[in-house]
Amino acid sequence: MITLKQALELSQEELQEFKQQLAAKIEQNKELNAYIDVQDFGAGVPIAIKDNIQVKNWSVTAASKILQGYIAPYNATVVAKMLEAGLSPFGRTNMDEFAMGSTTETSFYGKTLNPHNQEHVPGGSSGGSAAAVGAGLAIAALGSDTGGSIRQPAAYCGIVGMKPTYGRVSRYGLGAYASSLDQIGPMTQNVEDAAILYDIISESDPKDSTNAQKDDKVVPNLDPSRKLKIAVLPKYIENASKDVQDAYAKAVNALQAAGHEIVEKELMDAKYDISAYYITATAEATTNLARYDGIRYGNRVVGKNLEETFIKTRSEGFGDEVKRRILLGNFVLSNGYYEAYYVKAQKTRHIIKDEYAKVFEEVDLILSPVAPSVAPKFGELANPMDMYLSDIYTISVNLAGLPAISLPIMKNGEGMPVGLQLIAKAYDEQTLFDGALSLEKEVASNN
Ligand code: GLN
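To start, this report covers the structure provided alongside it. (Residues numbered from 1 in each chain as written. Predicted model: local features only at pLDDT ≥ 70, side-chain atom pairs only at ≥ 80, totals over all residues. Heavy atoms only, no water.)

Notes on the nonpolar core
If you look at the biggest cluster of nonpolar residues, it comprises 142 residues, and the most contacted ones within it are F98, Y356, L367, F433 and L439. Filtering out sequence-adjacent residues up to four positions away, F433 remains in contact with M162, V191, A194, A195, Y198, V218, L222 and I405. (Core = buried A, V, L, I, M, F, W, Y, C linked by side-chain atoms within 4.5 Å. Buried < 20%, exposed > 50% of the residue type's maximum accessible area, 1.4 Å probe, protein only. Contact = heavy atoms within 4.5 Å.)

Description of the layout of surface pockets
By volume, the largest pocket is sized at about 390 Å³. Q54, Y74, L174, G175 and A176 are, among the 23 residues lining the largest pocket, the residues nearest its centre. Classifying every residue of the lining of the largest pocket by side-chain character gives 12 nonpolar, 5 polar and 6 charged. (1 Å grid on protein atoms, 1.4 Å probe; cavity = no way out; pocket = protein on both sides within 12 Å on 5 of 7 lines; lining within 4 Å. Points joined across faces, edges and corners; volume = space filled by probe spheres on them. Nonpolar A, V, L, I, M, F, W, Y, C, P; charged D, E, K, R; others polar.)

Re the site of the ligand
Near the ligand lie 15 residues; those nearest to it are T146, G147, S149, Y177 and Y277. Contacts to the ligand include R325, whose side-chain N or O atom sits 2.9 Å from an oxygen atom. In this structure, D391 approaches the ligand through a side-chain N or O atom, which is 2.9 Å from a nitrogen atom. In isolation the ligand offers 290 Å² of accessible surface; the protein chains occlude 100% of this area. (Near = heavy atom within 4 Å. Polar contact = N/O pair within 3.5 Å; in protein donor to acceptor, adjacent residues only side chain to side chain. Areas by Shrake-Rupley, 256 points an atom, 1.4 Å probe, with all protein chains shown as cover.)

Digging into the sheet that holds strand β4 (residues 140–145)
Sheet architecture is open: 11 strands sit in the order β1-β3-β2-β4-β6-β5-β10-β11-β9-β7-β8, paired in mixed fashion. Here the strands that pair on one side only, and so sit at the sheet edges, are β1 (35–40) and β8 (261–264). Recorded for the sheet is a direction-independent mean angle of 30 degrees between the axes of neighbouring strands. Packed onto the sheet, helix α14 (residues 429–446) meets β5 (160–163), β9 (365–369), β10 (404–411) and β11 (417–424) and runs at close to 5 degrees relative to β10. (Pairing = 2+ DSSP bridges. Helix = DSSP H or I, 4+ residues; strand = E, 2+ residues; numbered from the N terminus. Axes fitted to C-alpha atoms, helices over the stretch in contact; angles between N-to-C directions.)

Quick notes on the packing of aromatic side chains
For the structure shown, the criterion picks out 17 aromatic pairs. Ring centres of Y74 and Y172 lie 4.8 Å apart, and the angle between their planes is 25 degrees; this geometry places the pair in the stacked category. You can see Y74 sitting in the loop between β2 (45–50) and α3 (77–84) and its partner Y172 sitting in the loop between β5 and β6 (183–188), a full 98 residues away along the chain. The class for Y74 is partly exposed, based on a relative accessible area of 29%. Taken together, a centroid distance of 5.7 Å and an interplanar angle of 75 degrees make the contact between F108 and Y109 edge-to-face. Residue classification places Y109 among the partly exposed residues on the basis of a relative accessible area of 27%. (Phe/Tyr/Trp six-rings, centres within 6.5 Å; stacked < 30°, edge-to-face > 60°.)

As for empty space enclosed by the protein
The tally for this structure, following the rule as stated, stands at 3 cavities of 30 Å³ or more. In this structure, the largest cavity occupies an estimated 90 Å³ of space. If you go around the largest cavity, you meet 15 residues; those closest to its centre are G101, S102, S149, Y277 and D391. A breakdown of the residues in the lining of the largest cavity according to their chemical character gives 5 nonpolar, 8 polar and 2 charged. Lining the second largest cavity are A155, Y156, V244, A371, S373, V374, P417, V418 and G419. Residues of the lining of the second largest cavity, tallied by class, amount to 7 nonpolar, 2 polar and no charged.

This is the structure in structure tokens:
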């Protein structure tokens, strides 16, 4: 598959021919179920869009039954920026319902398969975007990351996935899951493409009140020769699988070979991250999903009065995982439990943030696993608690609002990709991309 950088050089004629071939290839690989719908919404370079990002006049469902038939009334800011830059939305990708999940199994449209081995999950919630890029069915894609949903499927499908600093990319037109954590980001074949797409979508936006209104660009200053100080976490990675530990050792060697300084650091036991994240995320999700009442958006199941209409619409429209989270969110916000759970989670969030800040007083980047293992097989994470625990290495980055990038390091004996992530200080995407580019180069030269 051509890269985004190459595609931006194509003539209009070459581009149209390429799009026809791409549509045919997507059709031939339908069994992967990476796409929910394929249509071309512009004249530019085709980019796959996760089904929770609005493209004007195109359906947007967040892979939920409750939004079947809903048509987006306006473009998300990221889509408007893409169109201005000569890219066009081409295909809506499958995902976990309302971005809640780690495997893309909770989609109303059925599961997406991992292109490296169809018995394995592609990861989630941006599993369709990751599978599309990993299978050569997209040049690049957009995903959203609330607790790892860009980085983890990228790692499982052998591609690059980047989560910007919270507030860097406008959330206007993104279906909200947990508003204090959500960020849209690029999913691409390589680090440079991620930087190109990131620069386009991260332009400031007055329509999002949490947008940082910063317009510094990464690509003109990309410099993989910069020598950086990078923290490694020997204790933090102890519970990861052998595949992940092998990849970690390989990446540390590569970073050293590239001339970076490696410093050993530690982070707090990641088990607290899981509690703080699932309390915060479900509390916010409960509030955000209250708007799907059958009156204002999407599907309605009519009852004999308004209350019954709400109940029937939501009972039939939401899937099990979404209902579980609405229940959990209501519980942690309810009178009598709010102090014990929600307030505590917010305090823990501050501790996590401070901990990162302390490490970043001394280093430029942190090297961390993305997931405890390679992509699990379907059904292995059938127990919700096992699924939540698999998010252990990604969610603290969202709780702290930091930028991070997941990139492929190696494949295990069965040919499954292993990715790792680099994490940077808030708003230091430049250093993040410079370090990632250096690591990518060094890993490629060793393979
Ligand atoms: N797996 C996590 C969750 O289910 C993260 C999802 C995401 O980042 N959207 O909440």
